[in-house]
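# Structural description and commentary
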Amino acid sequence: MKKKSKFLEEFKAFIMRGNVLDMAVGVIVGGAFTTIVSSLNDDILTPILGIFGGTDFSYLHVKLGSGENAPMLTYGNFITAVINFLITALVIFLLLKIVMSLMSGFGKLKKGEEEEAPTTKTCPFCISEIDVKATRCPHCTSILEDFKMEPESTEGE
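Residues numbered from 1 in each chain as written. Predicted model: local features only at pLDDT ≥ 70, side-chain atom pairs only at ≥ 80, totals over all residues. Heavy atoms only, no water.

Broken down by element type, the protein carries 3 helices and 4 strands. Within the protein, buried positions represent 14% of all 157 residues. The contacts of the protein with a sequence gap of at least 6 include a subset with a gap of at least 24, amounting to 27%. Accessible surface for the protein amounts to roughly 13000 Å². Of this, 65% is attributable to carbon and sulfur atoms. (Helix = DSSP H or I, 4+ residues; strand = E, 2+ residues; numbered from the N terminus. Buried < 20%, exposed > 50% of the residue type's maximum accessible area, 1.4 Å probe, protein only. Contact = heavy atoms within 4.5 Å. Areas by Shrake-Rupley, 256 points an atom, 1.4 Å probe, with all protein chains shown as cover.)

Pasting the structure below:
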């Protein structure tokens, strides 16, 4: 009984991992997305392509043999499936491109917000770079408390 409960605990931990749940959601959304793309292809694009090509791809077939029970090679369905795949791949590519550009835009905003305050400033007497908290210049020994000093610019670095 102990082995069985350990197995169940391990299985529960596996199922509850974030990546497994994300994968399950991805499969469900992918299935719904495939239905949408198939409908786009079957109900909109295939009839439009049929206007230019003179036929609807899904009905293209070759009869292999003679008689009523002769097998049918429905290559039109294959063409439709290839078109479905290409449209799905294109839409996913465009969505990922949009999401990645949005994420990189948010990353730039976040990076800008997280910029650290300058850690150095310039001594007004000897023009040396010193710590921003310094009250006396370690190079020229000037007292800096009475002077309001601007932190050194980090532009061009």
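For Ser142, the location among the structural elements is in the segment after strand E4 (129–131). Ser142 gets classed as buried once you look at its relative accessible area, which sits at 17%. Those residues in contact with Ser142, other than ones at most four positions away along the chain, are Phe125, Thr135, Arg136 and Cys137.

For the rest of this paragraph, the subject is a nonpolar patch on the surface. Where nonpolar side chains cluster on the molecular surface, the patch consists of Phe7, Leu8, Phe11, Phe14, Ile15, Met16 and Leu21 and spans about 690 Å² of accessible area. Of the residues forming the nonpolar patch, the biggest block, 6 residues, is contributed by helix H1 (residues 2–16). Turning to its location among the elements, Phe14 is positioned in helix H1. (Patch = residues over 30% accessible without salt bridge, like charges linked within 9 Å, V, L, I, M, F, W, Y side chains within 5 Å. Salt bridge = Lys/Arg side-chain N within 4 Å of Asp/Glu carboxyl O.)

Time to look at unusual backbone geometry. Its identity is not glycine, yet Ile127 carries a phi of approximately 60°, on the positive side. Along the chain, Ile127 turns up in the loop between strand E3 (120–122) and E4. The exposure class of Ile127 is exposed, given its relative accessible area of 61%. Notably, Thr141 is not glycine yet its phi reads approximately 65°, a positive angle. If you trace the backbone, Thr141 turns up in the segment after E4.

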